[in-house]
Structures are given as C-alpha cells and as structure tokens.
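Residue-level listing of the chains:
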Amino acid sequence: QVQLVESGGGLVQPGGSLRLSCAASGSIFSINVMGWYRQAPGKQRELVARITSDGSTDCADSVKGRFTIARDNAKNTVFLQMNSLKPEDTAVYYCYSNLRWLAVLPPRDYWGQGTQVTISS
C-alpha cells in the first residue's frame, strides 16, 4: 500500500521560514503529480503548490514569491520551502500525490495525514 509521510510543520513567528517534506512509500510504479494543499479552520482545503514529474509547477497566488516547491523523483519526495510566513498561512498542510502503484491500474489520488503549521508571535 502507498503512504505519504509528511514532516516539518511547527510554530514559527511571522516572517520566519519552514520547510515541509513528504515522502511517498510503498510499491509505486509512477508518480504524476506531487503537491501540497492546506486547510485553515472554518475554510475549505485549497491548493498551495504542485509539481509534475517533468518539473512543471503551479501555486496559489497568495504564496507566489514566498513558497517554493521542489521534488526529488529518485526518492519520491516533495518539498515545500516556505519563507516570509504570515499569520494567514496558519493551517494544516496536506501532502498530495496522483500516482500509479501498478502499471495495470489507473492513477489515483493519495493524501498524507497532514502537518500543522502555525504562524504566530
């Protein structure tokens, strides 16, 4: 079975930085997309950033210029470098991947359990 394991969340002051990591483990045939979503209290889950297998990236307007997504295809790992953090970045961050764990099966979405990011002084 496939698992997405996140790490790197925590509490930082406004203006600080955090780096999230997410590793996909298990028997994986191919990964199309890896990325991060977040959900703040009382709000819907929203896309933060995602990266395809060929390195194309997409991110929310609210994080452009502050967050950077990167991927290590050899290790099935995605990273989110978050700089200039703001209180409104506070949320649970979920790792996401669209992948195929068997060649004969269609790709499907997988989610991590989430990691809390809190920006507060």
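Everything discussed here concerns the structure shown above.
Small disclaimer: the values here were computed from a predicted structure and weren't measured. Throughout this document, residue positions are counted from 1 along each chain, in the order its sequence is written. Owing to the predicted nature of the model, reporting of local features is limited to residues with pLDDT of at least 70; listing and counting of side-chain atom pairs is limited to 80 or more, with chain, interface and lining totals taken over all residues. Excluding hydrogens and water, the side-chain values take into account all heavy atoms of the structure.

A. Structural context of the overall build of the protein. Helix and strand labels come from DSSP, where a helix needs a run of H or I of at least four residues and a strand needs a run of E of at least two; each type is numbered from the N terminus. Check the secondary structure of the protein and you find zero helices and eleven strands. From first element to last, N terminus to C terminus, the protein shows the α and β order β-β-β-β-β-β-β-β-β-β-β. For 121 residues, the compact-globule estimate of 2.2 N^0.38 gives 14 Å, and the C-alpha radius of gyration of the protein, at 14 Å, lies within 12% of that figure. Throughout this description, buried means an accessible area under 20% of the type-specific maximum (1.4 Å probe, protein chains only), exposed means over 50%, and partly exposed covers the range between. The buried share of the protein, taken over its 121 residues, is 39%. Residue contacts follow a heavy-atom distance rule, with two residues in contact if any of their heavy atoms lie within 4.5 Å. Counting only contacts in the protein whose residues sit at least 6 apart along the sequence, the fraction spanning at least 24 positions is 56%. If you sum the accessible surface of the protein, you get close to 6,500 Å²; carbon and sulfur atoms cover 48% of it. Our radius of gyration is a C-alpha quantity, and the globule rule it is checked against amounts to 2.2 Å times the number of residues to the power 0.38. Areas reported as accessible are Shrake-Rupley estimates using a 1.4 Å probe. Residue values count occlusion only from the protein chains shown.

B. Summary view of the environment of Trp-101. Considering the arrangement of structural elements, one finds Trp-101 in the loop between strand E9 (91-100) and strand E10 (108-111). The partly exposed category is assigned to Trp-101, whose relative accessible area is 33%. If we ignore the near neighbours within four places in the chain, the residues touching Trp-101 are Val-2, Ser-27, Ile-28, Phe-29 and Tyr-110.

C. Looking closely at the sheet that holds strand E1 (residues 3-7). DSSP bridges decide pairing: two strands pair if at least two such bridges lie between them. Taken together, four strands build an open sheet; the order of strands is E1-E3-E8-E7 and the sheet is antiparallel. A strand with exactly one partner marks an edge of an open sheet, and here the two such strands are E1 and strand E7 (67-72). Averaged over neighbouring strand pairs, the angle between their axes works out to 15 degrees when direction is ignored. Summarising the sheet, E7 and strand E8 (residues 77-82) pair through six bridges and their orientation is antiparallel. For Phe-67, the partnering residue across the bridge sits in E8 and is Met-82. Axes, fitted as lines to C-alpha atoms, cover a helix only where it is in contact. Angles between the N-to-C directions of the axes lie from 0 to 180 degrees.

These results come straight from atomic positions and should not be treated as a statement about function.
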